[in-house]
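Results of the structural survey
Chain residues, written in single-letter form:
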Amino acid sequence: MISLQTAKLIAGTETPAGDGVTGALRCVVVLPDGTRRAAILKRGSVGEVAAEAFPGLVLRAWGLPVPEPLFIDEAAGPAFASSDVGYPNLKKRLMLDSLPDGPAKDAATRIAMQLAIQLPTTPLAAVVDEAIDNRDRNLGNILWDGQAEAWIDHALTLGEHPIGYPDRNKLCDMAQMVGEHDRICRSAVGQALAVGQAPLVSASDAMPINLRNNNYASYVASRLSNLASRLLDRFPKPADLLTNANQ
Ligand SMILES: Nc1ncnc2c1ncn2[C@@H]1O[C@H](COP(=O)(O)OP(=O)(O)OP(=O)(O)O)[C@@H](O)[C@H]1O
Ligand SMILES: [Mg+2]
């Protein structure tokens, strides 16, 4: 059964968690059974909070390792929290932000992309990102402890991106940049067939009333109907190569 736990923030436990662009906060929350849990709190519009919560539920049901999503009902409005897995994102893991621009940073970024593309669940992540219209799967949104990975930050999904935000599947782009597009494309197209509609309605039913501002289930369902061809379109096509060869 899919469910979204409602947690309470312990006031005063918040410290900055991310790059500070959107103000993600590391904090401690209390679950309905009274246990405490470290989490990353993200405040935003109802749409932004729903765009984190709904994919959090659906992606876990589809088998992607996503930290347990939590709903926080604050006086100022609904908020989202992601259970803290306790390990950093790939950008921090390779200390990319501490390197000055130049060849060393470019090389480290390439290594981070290679790591991202070789994770066991990367093809599935590319599939689900296509399904939920995730435009922002950058290296800061992939957590890695040296063995396990976790996929976070679904704020820019389900149409919640700013107007004009580029329509990209960043994992497919990374796969091309590191020369792994054939493997990722084949694997993703195969896995696209295994991503079914079943969790969509259950996840909608699990959403708190004040987050049901859009029909997210039908938004994703319409993308599932042609998911494999959507994914194929993210990669260079053999026909393109033939065209060039014949010119
Ligand atoms: N569940 C989690 N477990 C561990 N770390 C997390 C988790 N969720 C988020 N973080 C950390 O917090 C950072 C910010 O979270 P997130 O990417 O969701 O928000 P953001 O909108 O990109 O925030 P900012 O703009 O402040 O970086 C992540 O890059 C990651 O380092
Ligand atoms: Mg992020």
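Keep in mind that this is a model prediction, so the values were computed, not measured.

This part takes up the site of ligand 1. Surveying the vicinity of ligand 1 reveals 24 residues, the closest of which are D19, T22, K42, S82 and S83. R26 places a polar side-chain atom, nitrogen or oxygen, 3.4 Å from a nitrogen atom of ligand 1. Within the side chain of N141, an N or O atom sits 3.0 Å from an oxygen atom of ligand 1. When isolated, ligand 1 has an accessible area of 610 Å², and the protein chains bury 93% of it. Elements supplying a minimum of two residues to the shell around ligand 1: β4 (36–43) and β6 (77–83). Class assignment of the residues belonging to the shell around ligand 1 gives a composition of 9 nonpolar, 9 polar and 6 charged. Residue assignment places the shell around ligand 1 across two domains, with domain 1 (5–83) and domain 2 (90–246) each supplying three or more.

For helix α1 (residues 46–61), built from 16 residues, the straight-helix expectation of 22 Å at 1.5 Å per residue is met to within 8% by its first-to-last C-alpha distance of 23 Å. Within α1, 12 of the 16 residues are buried, which leaves it mostly tucked inside the rest of the structure. Along α1, the residues classified as buried are G47, V49, A50, A51, E52, A53, F54, P55, G56, L57, V58 and L59. Elements in contact with the buried residues of α1: β4, β5 (69–74), β6, α4 (122–132), α7 (198–206) and α8 (216–224). The first or second residue beyond α1 is G63, which carries a positive phi of 100°.

Basis of the calculations
- Residues numbered from 1 in each chain as written.
- Chains lettered and ligands numbered in written order.
- Predicted model: local features only at pLDDT ≥ 70, side-chain atom pairs only at ≥ 80, totals over all residues.
- Heavy atoms only, no water.
- Near = heavy atom within 4 Å.
- Polar contact = N/O pair within 3.5 Å; in protein donor to acceptor, adjacent residues only side chain to side chain.
- Areas by Shrake-Rupley, 256 points an atom, 1.4 Å probe, with all protein chains shown as cover.
- Helix = DSSP H or I, 4+ residues; strand = E, 2+ residues; numbered from the N terminus.
- Nonpolar A, V, L, I, M, F, W, Y, C, P; charged D, E, K, R; others polar.
- Domains from an automatic or database assignment.
- Expected span 1.5 Å × (residues − 1).
- Buried < 20%, exposed > 50% of the residue type's maximum accessible area, 1.4 Å probe, protein only.
- Contact = heavy atoms within 4.5 Å.

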